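# Examining the three-dimensional arrangement
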Amino acid sequence: MSYAIDISAARREVQFPSGIYTKISDDIAVTFPAELPLEALDPILSEKLDLVGLIGDIVQADGVDGLDVSKVLAAIFRRPTLLPKFLAAVRESFEVLLGDNHPEFLEAKPSSGDYVRLTIALSKVYGVELGKLLGLDISVGSDSPTSSPTSPATTGSTPAASGSAPGTPTSSDSDA
């Protein structure tokens, strides 16, 4: 049978098909799943935490182009229970990710910095960015008309034919 979509092929091509082996300390290593399970995002995206509402309030207050730190902080401080709920959601997400490895992970007594470093590293491996995940089209680059390329489109040193060496002056060419 011919399939129009075959997700098993893409699943086989993940970067670490046997899981993401991670050293936590000198004597503790754990394995994260090869692909990000959707249920690991549930605690972060829950209505109870309301990160989507927070992001919406921030974007509504400033727009995507001109985020003002003071307005972001004001939006966060209007939610005094956000930080403890967020920390609990992060812990719960790691519990889902690690499954049976979670108690071993906790033996290492991970610090807040450990959680941040692991989250950043895992987001790179999994290829997940929260803004894209939430459907926000926020880019770091500039689309303004004043932006310009950092280098010219062509250079004079590119050989005309593939594999040919750039021209070098001979001793007779230096007579000026």
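See above for the structure.
So, here is what we can say about the structure in this document.

Parameters and conventions
- Residues numbered from 1 in each chain as written.
- Predicted model: local features only at pLDDT ≥ 70, side-chain atom pairs only at ≥ 80, totals over all residues.
- Heavy atoms only, no water.
- Core = buried A, V, L, I, M, F, W, Y, C linked by side-chain atoms within 4.5 Å.
- Buried < 20%, exposed > 50% of the residue type's maximum accessible area, 1.4 Å probe, protein only.
- Helix = DSSP H or I, 4+ residues; strand = E, 2+ residues; numbered from the N terminus.
- Contact = heavy atoms within 4.5 Å.
- Phe/Tyr/Trp six-rings, centres within 6.5 Å; stacked < 30°, edge-to-face > 60°.

## Focus: the nonpolar core
What tends to happen in soluble globular proteins is that the nonpolar side chains get buried as a cluster. If you look at the biggest cluster of nonpolar residues, it comprises 22 residues, and the most contacted ones within it are F32, F94, F105 and L122. Elements with a contribution of two residues or more to this core: β2 (28-32), α2 (51-62), α4 (82-98) and α6 (112-126). A per-element tally of this core places α4 first, with 6 residues. Leave out the neighbours within four places in its chain, and F32 touches G19, I20, T22, F94, L97, L98, L118, L122 and Y126.

## Describing the packing of aromatic side chains
Enumeration according to the criterion identifies 4 aromatic pairs in this entry. Each ring, one from F94 and one from Y115, has its centre 5.1 Å from the other, and the planes form 85°; the classification is edge-to-face. With F94 in helix α4 and Y115 in helix α6, this residue pair connects regions lying 21 residues apart in the sequence. A residue is classified by how much of its surface remains accessible, and F94, at 4% relative accessible area, is buried. Seen from their ring centres, F105 and Y115 are 5.6 Å apart, and the 85° between their planes marks the pair as edge-to-face. Here F105, found in helix α5 (residues 102-107), pairs with Y115, found in helix α6; they are 10 residues apart in sequence, far enough to count as distant. Residue class for F105 comes out buried when judged on its relative accessible area of 0%. A network of ring pairs unites the aromatic residues F32, F94, F105 and Y115 as a single cluster.

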